[in-house]
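What the coordinates show
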Amino acid sequence: MVEKVKFKVFRYRPEDGGKGFYKEYEVPVKKGMTILDGLIYIKENIDPTLSVRYSCRMAICGSCGVRVNSLETLACHTQVLELKRRVIRVEPMRNYPLVKDLVTDMTPLFRKQKALMTWLIRQDNVEQENPTKQYLQSEEELERYLQFTYCIQCGLCYSACPVVSTFPDFYGPQPLMKAYRYYADSRDEGGEERVRLVDRFEGVWRCHFAGSCSAVCPKGVDPALAIQLLRRSALKG
Amino acid sequence: MRERDLMLLHYITGIGILVFGSIHVATIFFTYPFQDTIWETTLRFDSIPYAVLPVYRNALLAASLFGLLLCTTVHAMNGLRSIITELVGARKRWVEALLFAVGVFLLVYGTRTILIAHSLV
Ligand code: SF4
Ligand code: FES
């Protein structure tokens, strides 16, 4: 059975300047259709000027983050009929510069990841580049950070964070969570340096534990928990 | 001072406020001459200065008042630092300097009040 659902989509053209506007499109919706399918339908059949970013269509690549009815979600992971609404508002993520329509510039997220050195730090650089043996971990060691490796860097948590909204210098949930992911890795040797990086005004202490980051994460990652664990590490020195 | 030391101080002074605040409220509860009505108990200030003097007279209670003053000032100024910076959206050195000065003023003025009242005995 096909139902008609109205998509109220945020449009923004940088060349026009201004604040952007909402445009409504009527989309025939079948069971199983996602928000992304709806947006692609609009692009292919009604308005080819609509810009939306996507790739895998199966909640793996993390490129289709948007806000649907004011909540951060992956467009390819949200079923239209499950929303049980006649009108669906689709907007770009917050806390990122807008490129066009629903496409945001993810630079702030990646810049902050880089500032927090979110990679494996080893003292033996030569060995790290050309490992001569395997670096095994026990199950317990893996458990310490496993859930944080499920992050697909969609940036939804960063968009949902109210602290980033008011204080853009705050590192934000995803970069801090990723810093913890490496901090907790038994193969990492950058513990002290990491703690020094997150122990700043813009670091872990600015989290007000609103929890919206963890609530919106499509992969069940808990960035708010990672931030509290990092705080504990910073307090212990 | 590192941010983690400031925040540790923030947590400790928060607990301090609870402890010294409870002592303060309990002291007032047992010291004030309770009247028949809430109006008289809470808003008739004319009898209160004489009622609170014994609090200041007692060195331990005066010290706990100083503890409350210290904890409240440090906690409030550090809290304001976070709130203002987050509202403004960027760190401003002059805001931190101003808050530091206000904190020092409150501490000096409050300590002076406690000392004067204590030596009134
Ligand atoms: S933690 Fe979750 S919401 Fe945040 S970027 Fe990773 S997958 Fe996306
Ligand atoms: S298109 Fe890859 S996560 Fe949605």
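Quantities reported herein were computed from a predicted structural model and do not represent experimental measurements.

Scoring rules and cut-offs
- Residues numbered from 1 in each chain as written.
- Chains lettered and ligands numbered in written order.
- Predicted model: local features only at pLDDT ≥ 70, side-chain atom pairs only at ≥ 80, totals over all residues.
- Heavy atoms only, no water.
- Helix = DSSP H or I, 4+ residues; strand = E, 2+ residues; numbered from the N terminus.
- Expected span 1.5 Å × (residues − 1).
- Polar contact = N/O pair within 3.5 Å; in protein donor to acceptor, adjacent residues only side chain to side chain.
- Near = heavy atom within 4 Å.
- Nonpolar A, V, L, I, M, F, W, Y, C, P; charged D, E, K, R; others polar.
- Pairing = 2+ DSSP bridges.
- Axes fitted to C-alpha atoms, helices over the stretch in contact; angles between N-to-C directions.
- Phe/Tyr/Trp six-rings, centres within 6.5 Å; stacked < 30°, edge-to-face > 60°.
- Buried < 20%, exposed > 50% of the residue type's maximum accessible area, 1.4 Å probe, protein only.
- Lys NZ or Arg CZ within 6 Å of the ring centre and 35° of its normal.
- Contact = heavy atoms within 4.5 Å.
- Patch = residues over 30% accessible without salt bridge, like charges linked within 9 Å, V, L, I, M, F, W, Y side chains within 5 Å.
- Areas by Shrake-Rupley, 256 points an atom, 1.4 Å probe, with all protein chains shown as cover.
- Salt bridge = Lys/Arg side-chain N within 4 Å of Asp/Glu carboxyl O.
- pLDDT = per-residue confidence, 0-100.
- Buried area = accessible area lost by both parts, 1.4 Å probe.

**Considering helix α4 (residues 59-88) of chain B**
All names here are of chain B. With 30 residues, α4 ought to run about 44 Å at 1.5 Å a step, and its terminal C-alpha atoms sit 43 Å apart, in line with that. In this structure N58 caps α4, since a side-chain oxygen of it lies 2.8 Å from the backbone nitrogen of L60. Once α4 ends, the next one or two residues include G89, with phi positive near 95 degrees.

**Details of the site of ligand 1**
Residues and elements named next belong to chain A. Around ligand 1, a shell composed of 13 residues is seen, among which C151, C154, G155, C157 and C217 lie nearest. Those elements that place two or more of their residues in the shell around ligand 1 are α5 (156-160) and α7 (173-183). Residue classes in the shell around ligand 1 are distributed as 10 nonpolar, 3 polar and no charged.

**Quick notes on the sheet that holds strand β4 (residues 71-74) of chain A**
Residue and element names in this part refer to chain A. In space, the 5 strands of this open sheet follow the order β2-β1-β5-β3-β4, with mixed pairing throughout. Pairing within the sheet leaves two strands with one partner each, and these edge strands are β2 (21-29) and β4. On average, adjacent strands in this sheet sit at an angle of 35 degrees to one another, irrespective of strand direction.

**Observations concerning the packing of aromatic side chains**
Residues and elements named next belong to chain A. For the structure on display, the rule yields 7 aromatic pairs over all chains. Plain terms: the ring middles of F148 and Y180 are 5.6 Å apart, the flat faces sit at 85 degrees to each other, and that makes the pair edge-to-face. Residue F148 is located in the loop between α4 (139-143) and α5, and its partner Y180 is located in helix α7; the two are separated by 32 residues in the primary sequence. Residues F148 and Y180 agree in their burial class; the two are buried. With centroids separated by 6.1 Å and ring planes inclined at 35 degrees, the aromatic side chains of Y180 and Y183 adopt a geometry described as tilted. Highlighted residues: Y180 and Y183, both in helix α7, separated by 3 residues, approximately one helical turn. By relative accessible area, which is 24% here, Y183 ends up partly exposed. Aromatic ring contacts, followed pair by pair, group F148, Y180 and Y183 into a single cluster. It is K8 that lies over the ring of Y22; its NZ or CZ is 5.5 Å from the centre. When the ring centre of Y182 is taken as reference, the NZ or CZ atom of R181 above it lies at 4.1 Å.

**Quick look at the environment of A:T34**
Residues and elements named next belong to chain A. Inspection of the secondary structure assignment puts T34 in the loop between β2 and α1 (35-45). Accessibility expressed as a relative area gives 8% for T34, which makes it buried. Sequence spacing of T34 and L74 is 40 residues, and the spatial spacing of their C-alpha atoms is 9.6 Å. Leave out the neighbours within four places in its chain, and T34 touches A75, C76, T78, Q79 and V80.

**A closer look at a nonpolar patch on the surface**
Where nonpolar side chains cluster on the molecular surface, the patch consists of B:W94, B:L98, B:V102, B:F105, B:L106 and B:Y109 and spans about 640 Å² of accessible area. Residue classification places B:V102 among the partly exposed positions, given a relative accessible area of 35%.

**Regarding the confidence of the model for chain B**
Residues and elements named next belong to chain B. On average, chain B scores 84 in pLDDT, and the residues at 70 or more come to 78%. Mean pLDDT per element in chain B: helix α2 (residues 38-43) is the minimum at 55, and α4 is the maximum at 93. If you check the scores for this complex, the pTM reads 0.87 and the ipTM reads 0.74.

**Observations regarding the interface of chain A and chain B**
If you look at the interface, chain A gives 16 residues, while chain B gives 13 residues. Across the chain A/chain B interface, buried area totals approximately 1300 Å², and carbon plus sulfur atoms make up 57% of it. Among the residues of chain A in contact with chain B, A:F201, A:W205 and A:L235 are the three that bury the most area, contributing 42% of the side total. For the interface between chain A and chain B, the tally reads 3 salt bridges. On inspection of chain A and its partner chain B, the count reaches 6 residue pairs in polar contact (both at pLDDT 80 or more). For the side of chain A that touches chain B, the class distribution of residues is 7 nonpolar, 3 polar and 6 charged.

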